[in-house]
Amino acid sequence: MTGVPASAAGGTGRRPAPGAKLGAAAVNQASLWNIANILTMIRLVLVPGFVLLLLADGGYDPVWRAWAWAAFAVAMITDIFDGHLARTYNLVTDFGKIADPIADKAIMGSALICLSWLGDLPWWVTGVILGRELGITLMRFWVIRYGVIPASRGGKLKTLAQGTAVGMYVLALTGPLASLRFWVMAVAVVLTVVTGWDYIRQAVVLRRLGLEAERAER
């Protein structure tokens, strides 16, 4: 016995209420339902809707293509805002870390595959972009124990160029705009390849420095 009251020793002297732990768990679970995660969920839900709109009536109806573009544009806009909101207001969650990149790749991948299937976009373009995205994702896991490769300015420009180019291909454009979208996609492909090589270089350097640090600690 110390003679010190439980409250003075840092405790309340009372057992937690029977539902206290359940209440705390409910609060933690509720934190998943923040605006950033909701925007990510909306983007995930938009993917099948976008595909249905793009392929409706054979995939060549200008009206359906315009609706598909609207869905794609909303997905791209939510991609910009959910990450910004999560970082600004400390809304980062494990769900968001996993779901956000999945949503990004799902909407872009479905658009590229559908456009190639319709014959609007060469399959090699789809292969280059999706191959790069999958490769970089696997590479991040390869070096994650040594650190995180931050998104570069070139990577952000690549995302902007890809979104703009794909959006232009989704619309049933004709004339000069149809020619312009070819060059926008060409820029997107170049940025995709260049930034991909830059990420590989960063990953190799990060892994080498990590291995050297491990050897120095032994």
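We now turn to the structure provided with this report. Model, not experiment: these values are computed from the prediction.

Moving on: the overall build of the protein chain. For the protein chain, the count of helices and strands is 7 helices and 0 strands. Along its sequence from the N terminus, the protein chain presents helices and strands in the succession α-α-α-α-α-α-α. In the protein chain, which comprises 218 residues, the proportion classed as buried is 34%. Sequence separation of at least 24 residues holds for 74% of the intrachain contacts in the protein chain that already meet a minimum separation of 6. For the protein chain, the exposed surface amounts to about 13500 Å²; the carbon and sulfur share of it is 70%.

For the rest of this paragraph, the subject is a nonpolar patch on the surface. A grouping of Trp 142, Val 193, Trp 197, Ile 200 and Val 204 is seen on the molecular surface, where their side chains present a nonpolar patch of about 500 Å² in accessible area. Topologically, Trp 142 is positioned in helix H5 (residues 123-143).

Moving on, we come to the pattern of salt bridges. Side chains carrying opposite charge are able to pair once their charged atoms draw close together. Under the defined criterion, the tally for this structure stands at 9 salt bridges. The partner of Asp 79 in a salt bridge is Arg 43, and the shortest N-O contact between them spans 3.7 Å. Here Asp 79 is found in helix H3 (residues 62-88), whereas its partner Arg 43 is found in helix H2 (residues 35-55), with 36 residues between them in sequence. A relative accessible area of 19% places Asp 79 in the buried class. Using a relative accessible area of 0% as the deciding quantity, one classes Arg 43 as buried. One salt bridge in this structure joins Glu 133 and Arg 132, with 3.2 Å as the shortest N-O distance. Here Glu 133 and Arg 132 have matching classes, each one buried.

A word on the nonpolar core. By size, the foremost hydrophobic cluster in this structure holds 30 residues, and its most contacted members are Phe 50, Phe 72, Val 166 and Met 185. Secondary structure elements with two or more residues in this core: H2, H3, helix H4 (94-117), H5, helix H6 (153-170) and helix H7 (176-217). Counting residues in hydrophobic clusters, the runner-up holds 6 residues, among them Met 139, Val 143, Ile 149 and Tyr 199.

With phi around 55 degrees, Asp 57 is a residue other than glycine that occupies positive phi space. By the secondary structure assignment, Asp 57 is in the loop between H2 and H3.

A word on H2. Compared with an ideal rise of 1.5 Å per residue, which puts 21 residues at 30 Å, H2 spans 30 Å between its outermost C-alpha atoms and is within 8% of the ideal. Of all the bends in H2, the greatest reaches close to 30 degrees and is centred on Val 47; the proline Pro 48 follows between one and four positions later. Those residues of H2 not exposed but buried are Ala 36, Asn 37, Leu 39, Thr 40, Arg 43, Leu 46, Val 47, Phe 50 and Leu 54. Check the buried side of H2 and you find it contacts H3, H4 and H6.

Here we come to the environment of Asp 104. Here Asp 104 shows up in helix H4. Using a relative accessible area of 22% as the deciding quantity, one classes Asp 104 as partly exposed. For the pair formed by Asp 104 and Thr 78, sequence separation is 26 residues and the distance between their alpha carbons is 9.9 Å. When residues no more than four places from it in sequence are discounted, the contact partners of Asp 104 are Arg 43 and Asp 79.

Tracing the sequence through the fold places Lys 158 in helix H6. Exposure remark for Lys 158: the relative accessible area of 6% places this residue in the buried category. When neighbours within four sequence positions are excluded, Lys 158 is seen to be in contact with Arg 132, Glu 133, Leu 191, Thr 192 and Thr 195.

Two elements in contact, H3 and H6, have axes whose closest approach is 9 Å; the angle formed by their N-to-C orientations is 165 degrees. On the basis of the axis angle, H3 is roughly antiparallel to H6. For the element pair H3 and H6, the recorded crossing hand is right-handed. Two secondary-structure elements touch here, H3 through Arg 65, Ala 68, Trp 69, Phe 72 and Met 76 and H6 through Gly 163, Val 166, Gly 167, Tyr 169 and Val 170. For the contact of H3 with H6, the class distribution of residues is 7 nonpolar, 2 polar and 1 charged.

Calculation criteria
- Residues numbered from 1 in each chain as written.
- Predicted model: local features only at pLDDT ≥ 70, side-chain atom pairs only at ≥ 80, totals over all residues.
- Heavy atoms only, no water.
- Helix = DSSP H or I, 4+ residues; strand = E, 2+ residues; numbered from the N terminus.
- Buried < 20%, exposed > 50% of the residue type's maximum accessible area, 1.4 Å probe, protein only.
- Contact = heavy atoms within 4.5 Å.
- Areas by Shrake-Rupley, 256 points an atom, 1.4 Å probe, with all protein chains shown as cover.
- Patch = residues over 30% accessible without salt bridge, like charges linked within 9 Å, V, L, I, M, F, W, Y side chains within 5 Å.
- Salt bridge = Lys/Arg side-chain N within 4 Å of Asp/Glu carboxyl O.
- Core = buried A, V, L, I, M, F, W, Y, C linked by side-chain atoms within 4.5 Å.
- Expected span 1.5 Å × (residues − 1).
- Bend = angle between axes of the 7 residues up to and from the residue.
- Axes fitted to C-alpha atoms, helices over the stretch in contact; angles between N-to-C directions.
- Parallel < 35°, antiparallel > 145°, perpendicular 65-115°, else oblique.
- Left-handed = near helix turned anticlockwise from the far one by under 90°.
- Nonpolar A, V, L, I, M, F, W, Y, C, P; charged D, E, K, R; others polar.

So yeah, pure geometry; function would need other evidence.
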